[in-house]
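Close look at the chain arrangement
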Amino acid sequence: MKLLKSLRVILAALSFAAICLVFVDFTGMAANYFSWLPKLQLVPALLAANVVALGVLAAITFVAGRVYCSVLCPLGIYQDIINRLRQVFASKKKRRLGLFRFEQAATKLRLGFLIAFAILLILGLTGIIASSIAGILDPYSAFGRMVGQFIVPLWRSGISAAADSAAGHGYYIIDSYPAAAAFNIGVLIIALITLIVTTAMAWTGGRAYCNKVCPVGTILGFLSHHALLRVNIDTDRCNRCGSCGRKCKSKCIDTKNHTIDLSRCVACMDCIGACTQRAISFSAKRKKMLSQPNTPDSTRRAFLVGTTIIAGSLAMRAADKATDGGLAPLKSKKRVDGATPAVPAGAISLAHLHSHCTACQLCISACPNGVLKPSSGFGDFMQPVMVFTEGFCRPECTACADICPAGAIKPIDAEEKSTIKIGTAVVNPEICISAAYGQLCGNCARHCPADAITMIKTESGNMRPTVDESRCIGCGACEYHCPSGTAGQISAETAAIHVEGATVHTSV
């Protein structure tokens, strides 16, 4: 039976490493192999109406209880890491006696967070607020923001340093990448709060966050009541030493009464490893004095109200539409004030993205061009928007659509993407160095992958860019490559051509 704990630890380590790789590897190689892991997270699967993922999670929970929390949930595994560190730094006496003691379930608190999450999710799905507000309580999205703000910049700084060093010796085998591409002060604050809260709760209370705050833990806790396999206590073998309860980071084992609250048990197998009498097993057979204490019917009713609200509000909305792009190093410009933001092809519309995105930051981390940034606006807080002053979207790149686990950006192929209109380029001739000052330019026309921009002669004899709106897909290549503000007499801080995002994507 102790092998179960070793197996669980190995699977958790592999899962945790794979999810982290998906976030930090901007080459897309990790996503090719492990993109299914983010899509197997509960809240993104619900929002994406991913029936296969939901079926797998339900089957796992009905068979083995809350294994998801110990093997698949990255925030849960992170808390296990903190618990392990606490044990390492604890005194020998505390390690011997154990760090935890049984405590009663915080049922009202758990249900309060679940209902709050359900309400926020409904408000997000109906477009009243951004779904990313509800995503603050989603454990996967919370972990993604922590990785995106703390680990990704450090990783990419190291990669960029290696790239610069290699280039200095004539080897151009690694692409440099801006370390702060995904930085956003609002996301950073939320991520920092999450890091502090989860770390503190894990250090002092084991899986306290999972069993007092996390709505996913509450949902799975209800389902785990009916699990085929569960932790069982053999009262004939038990000598009442209490080791299992002192090692249980979920604090769900009442050693005095030989009961286990299965709604809080995350199937970590630590109790099995701690029992010297082999009195604890993970099996379907119920032994004499088994399992969880009775919980009031009101708890189940309140839980069902919360989950019914969530399930009933998850209706899919369908439509299709566009984008395109490229890459080059130019002086950074400011965005045009008041411009409608553009969102990636596959997002369908601003409303669809706002109602489905939990702001896990995975698409932003995966974007190889650095064009996706977290928004600071309330209506799309922490969700991705396209900032063409620092990059543009290449027509053949579908990284964000391939990786999105919540269905906020639908999967598309490169051919389909090249026909989706996510915005339209708009020219400001007053700051165009060609139209206003007669300098030779045409940068926007030369870099337009859709051939939507041509240079025409004005009455003054200067050449002015004009946009064919029927061909423009809003890739942002023109805005990124516009030298306005960096050449000649132009002192403008914005490009002379910018993209106005489309609220609903269409086909060209």
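Residues numbered from 1 in each chain as written. Predicted model: local features only at pLDDT ≥ 70, side-chain atom pairs only at ≥ 80, totals over all residues. Heavy atoms only, no water.

**Things to note about the nonpolar core**
With 54 residues, the main nonpolar core has Leu 42, Tyr 68, Leu 75 and Phe 143 as its most contacted residues. Apart from residues no more than four positions distant in its own chain, Leu 75 is found in contact with Pro 139, Ala 142, Phe 143, Met 146, Thr 198 and Tyr 209. Among the nonpolar cores identified, the runner-up in size contains 29 residues, and Ala 345, Ala 408, Ile 473 and Ala 477 belong to it. (Core = buried A, V, L, I, M, F, W, Y, C linked by side-chain atoms within 4.5 Å. Buried < 20%, exposed > 50% of the residue type's maximum accessible area, 1.4 Å probe, protein only. Contact = heavy atoms within 4.5 Å.)

**Regarding a positive patch on the surface**
Positive charge collects at one region of the surface, where Arg 84, Lys 92, Arg 95 and Lys 247 lie side by side. Here Lys 247 lies in helix H15 (residues 243–247). By relative accessible area, Lys 247 is classed as partly exposed at 32%. (Patch = residues over 30% accessible without salt bridge, like charges linked within 9 Å, V, L, I, M, F, W, Y side chains within 5 Å. Areas by Shrake-Rupley, 256 points an atom, 1.4 Å probe, with all protein chains shown as cover. Salt bridge = Lys/Arg side-chain N within 4 Å of Asp/Glu carboxyl O. Lys, Arg positive; Asp, Glu negative; His and termini not counted. Charge placed at Lys NZ, Arg CZ, Asp CG, Glu CD. Helix = DSSP H or I, 4+ residues; strand = E, 2+ residues; numbered from the N terminus.)

**Some words on the packing of aromatic side chains**
Each aromatic ring pair is summarised here by two numbers: the centre-to-centre distance and the angle between the ring planes. According to the stated counting rule, one finds 4 aromatic pairs in the structure shown. Here the aromatic rings of Phe 23 and Tyr 140 are separated by 6.3 Å at their centres, their planes lie at 45°, and the arrangement is tilted. You can see Phe 23 sitting in helix H1 (residues 2–24) and its partner Tyr 140 sitting in helix H11 (residues 139–168), a full 117 residues away along the chain. The pair formed by Phe 23 and Tyr 140 is uniform in burial state, with each residue classed as buried. (Phe/Tyr/Trp six-rings, centres within 6.5 Å; stacked < 30°, edge-to-face > 60°.)

**What to know about unusual backbone geometry**
For Lys 251, which is not glycine, the phi torsion reads 55° and is therefore positive. With respect to the element layout, Lys 251 can be found in the loop between H15 and strand E2 (253–254). For Lys 251, a relative accessible area of 13% gives the class buried. Non-glycine residue Asp 451 carries a positive phi angle of around 55°. By the secondary structure assignment, Asp 451 is in the loop between helix H22 (443–447) and strand E8 (453–457).

**A word on the packing of helix H9 (residues 107–125) against helix H14 (residues 215–223)**
Between H9 and H14, the shortest axis-to-axis distance is 9 Å and the interhelical angle comes to 110°. It follows from the interaxial angle that H9 and H14 lie roughly perpendicular. Here the hand of the crossing between H9 and H14 comes out left-handed. Note on element contacts: H14 touches H9 through Pro 215, Gly 217, Thr 218, Ile 219 and Gly 221, opposite Arg 110, Leu 111, Leu 114 and Phe 117. In the contact of H9 with H14, the residues fall into 5 nonpolar, 3 polar and 1 charged. (Axes fitted to C-alpha atoms, helices over the stretch in contact; angles between N-to-C directions. Parallel < 35°, antiparallel > 145°, perpendicular 65-115°, else oblique. Left-handed = near helix turned anticlockwise from the far one by under 90°. Nonpolar A, V, L, I, M, F, W, Y, C, P; charged D, E, K, R; others polar.)

**What about the confidence of the model for the protein chain?**
Any region with low pLDDT has predicted coordinates that should not be read closely. Averaged over every residue, the pLDDT of the protein chain is 86; residues scoring 70 or more account for 85%. At the low end of the mean pLDDT range in the protein chain sits helix H17 (residues 297–313), at 47; at the high end sits strand E7 (residues 420–427), at 97. Here residues 287–299 is a poorly scored stretch, pLDDT under 50, and it has 28 contacts once near neighbours within four places are set aside; other chains count. Scored below 50 in pLDDT, residues 305–330 shows 90 contacts in the model against residues more than four places distant or in partner chains. (pLDDT = per-residue confidence, 0-100.)

**Details of H14**
In terms of residue burial, H14 counts as a mostly covered element, since 8 of its 9 residues are buried. Looking at H14, one finds that the buried residues are Pro 215, Val 216, Gly 217, Thr 218, Ile 219, Leu 220, Gly 221 and Phe 222.

**Section: the pairing of E8**
Looking along a regular strand, one sees side chains alternate from face to face of the sheet. Examined bridge by bridge, E8 and strand E9 (residues 463–467) share 5 bridges and lie antiparallel to one another. Bridge pairing links Ile 456 to Arg 464 in E9. Linking E8 back to E9 in an antiparallel pair, the connection comprises 5 residues, with Gly 461 at a positive phi of about 95°. (Pairing = 2+ DSSP bridges.)

**Observations concerning the pattern of salt bridges**
Throughout the structure, instances matching the rule amount to 12 salt bridges. In this structure, Glu 103 and Lys 251 form a salt bridge, with 3.7 Å as the shortest nitrogen-oxygen distance. Taken together, the positions of Glu 103 in the loop between helix H8 (92–97) and H9 and Lys 251 in the loop between H15 and E2 put the pair 148 residues apart, joining distant regions of the chain. By relative accessible area, Glu 103 is classed as partly exposed at 28%. The partner of Lys 373 in a salt bridge is Glu 390, with the nearest N and O atoms 3.3 Å apart. A residue pair is termed long-range when its members are at least 10 positions apart, and Lys 373 in strand E5 (residues 372–374) and Glu 390 in the loop between strand E6 (384–386) and helix H20 (399–403) qualify at 17 residues.

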